[in-house]
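What follows is each chain in one-letter form.
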Amino acid sequence: MKHTKADVVPGAIAHRVDDREQTIEEHLEQTARQAERFAASFGKEKRAWMAGRLHDIGKYSPDFQEHIRHPEKTGTCDHSTAGAKEAFGRGQLEVAVSIMGHHGGLPNFGSPIVDTSGDGTFCGRKRKWEEGKIPDYSAWKSCGAQQDFGNVEPVDGTRTAFGRYMEIKMLHSALVDADYLDTERFMQDGAVLRGQYDTIGQLRERLENWLAGEKWLEAQGGVNGMRAEILQAAAAQGKKQGRGIYTLTVPTGGGKTVSSLRFALHHAAEHGLDRIIYVVPYTNIIEQTAQKFRTILGEENVLEHHSNVVYEKADQEELNPFLLASENWDMPVVITTAVQFFESLFHNKPSRCRKIHNMANSVIIYDEVQMLPVDYWIPCVRALEELSGSYRATQVLCTATQPAITFPGGKQPEEIAGDVAGYFSGFKRVTFRDAGELELDRVAGRMAAQEQVLCVVNTKKAARDLYDMLAGGEDTFYLTTMMVPAHRQEVLKKIRDRLGAGKSCRLAATSLVEAGVDLDFAYVMRELAGLDSVLQAAGRCNREGKRSREESITEIFTFAGKIPHTIRQQADAARRVMAGSDQWDSLEAIEAYFTFWRQQRGGQNLDKKGIMEKVEQYAFRDIAEAFRLIESDTYTIYVPWGEEGESLVGRLRAGEYNRSLLRKLGRYGVNVFQSHYVSLLQGDAETVNGLAVLTNMSLYRAQTGLEFEEKEGIAIFS
C-alpha cells in the first residue's frame, strides 16, 4: 500500500475493509480532485476542491480513529462539523454548509441567537464547536495535511437568496458524489464499472442513421412533411443557438419527442454539453419513451430513472453501470420523471442530491411542460432560470400546449420549431363538439354506437362504470393505474393491433392515456377538464391524419356536478375559453386558458408550501419535507401477474433481494392509498423481504386490474 504524509499521524485512516486501509490524506485529496472536476462545469471548482479537502478532517480525532478500528465497541462520531468550522473560519459559508450536510443531509440554517449546541441546525452545530464540544481534530493541523486555501473564490455578496441556495446544493452535490465515488473505488478495490458509453457525437450519429433508415426526413407534404420540417428546424437551431431556455411548441402528433432529442444532440455536440436529461410527467409513459430512445441510441446509453428504480438499500451484488448511474445520472441520456427531477433539486439528503451537479452543463427537456406542478410553480420556474443562468444548462420546454412561462426579468424563451402557427393550422385533424351535460348511461350509449372510440373521464370509478355498461367483450377495454405497468402495455398492444386492423375497439380510461401514448381513434369523448387535457385527448383522434377532419370527432361533455375538486379551476378556465371560441386548439385559446387559470389560482397558490420563504431562511431540511409533488401517501403492492411476474415474486420469496430484482419488479407494482394497503395486508397480501405481495389473485382481473373500492380522484402519478 502506498503511504502518504498522513502517516505522520500513526494509522490515521478514513476507511478500512478487510485488511486494506485508506489514509485520510488519500481520501481527502482524491475527493477534492474529483469534486473540483465536477464543479468545473459551473465555474466553482476551487470551492468544491476546498470542500473535498476539508470534509473529513474530523476523522483525525482519536475518537473517530477508535471508532473505525472498533465500531462494535463505539458509538457514532461527529466528523463533519470540523471541516465546516474550518471553511466558515475562512469566510466560505456555502462550503461550510455543504460539508456539514455531507453525511446526514443539509441542515436548516437556524438562528444564531436561539439555537443551542444540542440543535441539529447549522447555527446549533456552530455553537457546538464554539463551546468546544466537537472531537479534537488538531492532529490535522500538525500532520502536514493542511492546504493553502488562499486562491479559493470569495463569496459573492450580490447573489440572491435563491442563487446562494442553489450554489450550496450544487457544491454539496459535487462533494457528496466525489466522496461516494472515492469511497466506492476503495471498497471495490478499484473495480468500478462507470463511464462506459458512447460520446454525444456518436449518439448524434446514431440518431441521424436511425432517421435515415426510417426515411423520416424524406417526407414531403401533409402531416409527415411537417414532421420532417420540424426535425430539420430542430437540428438547425440546435447548432445555431447558444445555451439558454427554448420552447418547442409542436401540435400533438408532430413528432416532438424525436425532434427535441435531435435538437438536444446537435446542441450538446456543438457546445460541449455533457448529457441529455429528458423529464416526463408520469411513470406510465416513461417506459415507452425510454424504449424509443434505446432503440435509437442503444440500450447501453440510456438510463431510465424514476420512483420504481430509486434504490436506498445497499447489497452485495455485482455492480453494473445502470445501477451505478441511477445514483448520480452519470450517463449521456437520462429519462426521469418530474417528481424525481424536482424533488431531487429541493431535497437535502445526500443520496438524493448527488445527481444534482450533473444537471449542470446538460440539455434538459421537459416533456409536457404545462404539467409542471402548479402548487410549486414559482420555485420550479425559479430553479429553471437558475439552472440556465448560473449552471450552463440548456432547457427545452416541450409541449403542444405551451403555458407561456414568464421568467423573472421578463425574458421569454425562443421557439425552436419556427412556423408554430402554420403547423397548428396544418395539424388540425379533428372537429370539436360540445355535447353538454350527459348522464353516464348516455355516454356509454354513444360509445356503443361507434366502432372505434376512446372515452377519457376524470375518475377511475367513472371509467370502470363505463366499461361495465359496455358489457365487455374482446373489443372493449379499460385502462387504469390499478393495472401493473406490464399489464397496461399488453392491453395497449391489443388496442393498437385492433385499431391498425380496422376492427371495432372501445376504450374507457382516465387521463393516463393522454400523454405519450400513441393511439389513433376515429372518435374521442372527453369529460371536461383543463384545456390542455382536452387537447391531449384530442391528440388520440385521427393522430396519423389518415381520415378527414370532418369525420374525426372529439366531443366534450360534463357529468352534473361531478368535476373533482382537484381540477375544478382548470375545468372552469377551459369552459370560459371554450365558450368564447370554437377554435379550441388555437394558440390564442391555449394562451387565454393558462392566463385565466393562473388568475384563478392566485399568486400565493403558485407556491402553496411557502418554499421561497424557506429558501430565504436556508431551511434545507424543511424545504425537503415540504416539497412533495405527490401529496397522498401511497404504497406499492407487487402482483405476481403473468409468467414473468410470478417468476420475479418467486425469486423474492426464495430470499433474493437486490437492485436488479427490484427494478424488474417495478413493472409489476400497483400504487394504492394507505387505507387500501392496510386492508389488503389483512389477508389478501403479505410482506416478503419488506415488500407487499398480493396473495389473493382473485382480486386482480385480466380486464380491470386490482379490484377494491377505490377513492375517487385522478390517477396516481409518481
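Attention here is on the structure that accompanies the text. The shown structure was predicted, so the numbers you read here are calculated from the model rather than taken from an experiment.

## Notes on the overall build of the protein
The helix and strand tally for the protein stands at 28 helices and 21 strands. Relative to the compact-globule value of 27 Å for 718 residues, the protein shows a C-alpha radius of gyration of 27 Å, a close match. Projecting the C-alpha coordinates of the protein onto the three principal axes gives extents of approximately 85 × 60 × 55 Å. The 718 residues of the protein split such that 59% are buried. In the protein, the share of contacts with a sequence separation of at least 24, taken over all contacts with a separation of at least 6, comes to 77%. By element, 46% of the accessible surface of the protein is carried by carbon and sulfur atoms, the whole surface being about 28,300 Å². The protein carries 86 positive and 99 negative side-chain charges, and their two centres are separated by 1 Å.

## Digging into the sheet that holds strand β3 (residues 245–249)
As summarised here, the arrangement of the seven strands in space is β5-β6-β4-β7-β8-β3-β9, forming an open sheet in which the pairing is parallel. Looking at the sheet topology across the chains shown, the edges are occupied by β5 (302–305) and β9 (414–415). Relative to strand β8 (residues 394–399), β3 runs parallel, the two being bridged by five bridges. Note on β8: the bridge partner recorded for Y246 is V396. This element, helix α14 (residues 338–345), spans β4 (275–280), β5, β6 (333–337) and β7 (362–367) of the sheet and lies at about 90° to β6.

## Topic: the sheet that holds strand β11 (residues 452–456)
Either a parallel or an antiparallel arrangement is found when strands of a sheet pair, and the pairing is made through backbone hydrogen bonds. Taken in spatial order, the six strands of this open sheet run β10-β15-β14-β11-β13-β12, and their pairing is parallel. Each edge of the sheet is formed by a strand with only one pairing partner; in this case those strands are β10 (431–437) and β12 (476–479). Each strand axis lies, on average, 15° off the axis of its neighbour in the sheet, ignoring direction. Pairing geometry for β12 and strand β13 (residues 505–509), over four bridges, is parallel. Each bridged residue has a counterpart across the sheet, and for L479 the counterpart in β13 is A509.

## A closer look at the packing of aromatic side chains
Using the criterion set out here, one finds 25 aromatic pairs in the structure. When the ring of Y165 is compared with that of F620, the centres are 5.3 Å apart and the planes differ by 10°; the resulting orientation is stacked. Of this pair, Y165 sits in helix α8 (residues 161–187) while F620 sits in helix α25 (residues 620–626), placing them 455 residues apart in sequence. Each member of the pair, Y165 as well as F620, is classed as buried. Counting every residue linked through ring pairs, the aromatic cluster contains F162, Y165, F346, Y376, F620 and F627. Here the basic side chain of K355 rests over the ring of W329, its NZ or CZ set 5.5 Å away from the ring centre. Over the aromatic face of F596 sits the side chain of R576, whose NZ or CZ is 3.9 Å from the ring centroid.

## Here we look at unusual backbone geometry
Despite not being glycine, E368 shows a phi value in the positive range, around 55°. When you line up the elements, E368 lands in the loop between β7 and α16 (377–391). For E368, a relative accessible area of 3% gives the class buried. Here the phi dihedral of N542 falls at roughly 50°; this positive angle occurs in a residue that is not glycine. Summarising the element assignment, N542 is placed in the loop between α21 (531–538) and β15 (553–558).

## With respect to helix α1 (residues 24–39)
Each full turn of the α-helix corresponds to 3.6 residues, which orients residues three or four apart in the same direction. In this model, α1 (16 residues) spans 22 Å end to end at C-alpha, consistent with the 22 Å of a helix rising 1.5 Å per residue. Listing the buried residues of α1 in full gives I24, E25, E26, H27, L28, E29, T31, A32, Q34, A35, F38 and A39. Buried residues in α1 make contact with β1 (13–17), β2 (20–23), α2 (45–54), α3 (62–69) and α8.

## Some thoughts on the packing of helix α4 (residues 81–89) against helix α6 (residues 122–130)
Between α4 and α6, the least distance of the axes is 10 Å, while the angle of their chain directions is 90°. In this view, α4 runs roughly perpendicular relative to α6, as classed from their interaxial angle. Here α4 contributes T81, A84, K85 and F88 to the contact with α6, which in turn contributes F122, R125, K126 and W129. Among the residues forming the contact of α4 with α6, the class breakdown is four nonpolar, one polar and three charged.

## Details of the nonpolar core
Counting residues in each nonpolar core, the largest one holds 197 residues, and the members touching the most others are F341 and F342. With eleven residues, α8 is the single largest residue contributor to this core. Apart from the residues within four sequence positions on either side, F342 is in contact with Y366, L372, C380, L384, F627 and L629. If you look at the next biggest cluster of nonpolar residues, it comprises 21 residues, including A444, M447, V457 and M525.

Conventions used here
- Residues numbered from 1 in each chain as written.
- Predicted model: local features only at pLDDT ≥ 70, side-chain atom pairs only at ≥ 80, totals over all residues.
- Heavy atoms only, no water.
- Helix = DSSP H or I, 4+ residues; strand = E, 2+ residues; numbered from the N terminus.
- Rg over C-alpha atoms; globule rule 2.2 N^0.38 Å.
- Buried < 20%, exposed > 50% of the residue type's maximum accessible area, 1.4 Å probe, protein only.
- Contact = heavy atoms within 4.5 Å.
- Areas by Shrake-Rupley, 256 points an atom, 1.4 Å probe, with all protein chains shown as cover.
- Lys, Arg positive; Asp, Glu negative; His and termini not counted.
- Charge placed at Lys NZ, Arg CZ, Asp CG, Glu CD.
- Pairing = 2+ DSSP bridges.
- Axes fitted to C-alpha atoms, helices over the stretch in contact; angles between N-to-C directions.
- Phe/Tyr/Trp six-rings, centres within 6.5 Å; stacked < 30°, edge-to-face > 60°.
- Lys NZ or Arg CZ within 6 Å of the ring centre and 35° of its normal.
- Expected span 1.5 Å × (residues − 1).
- Parallel < 35°, antiparallel > 145°, perpendicular 65-115°, else oblique.
- Nonpolar A, V, L, I, M, F, W, Y, C, P; charged D, E, K, R; others polar.
- Core = buried A, V, L, I, M, F, W, Y, C linked by side-chain atoms within 4.5 Å.

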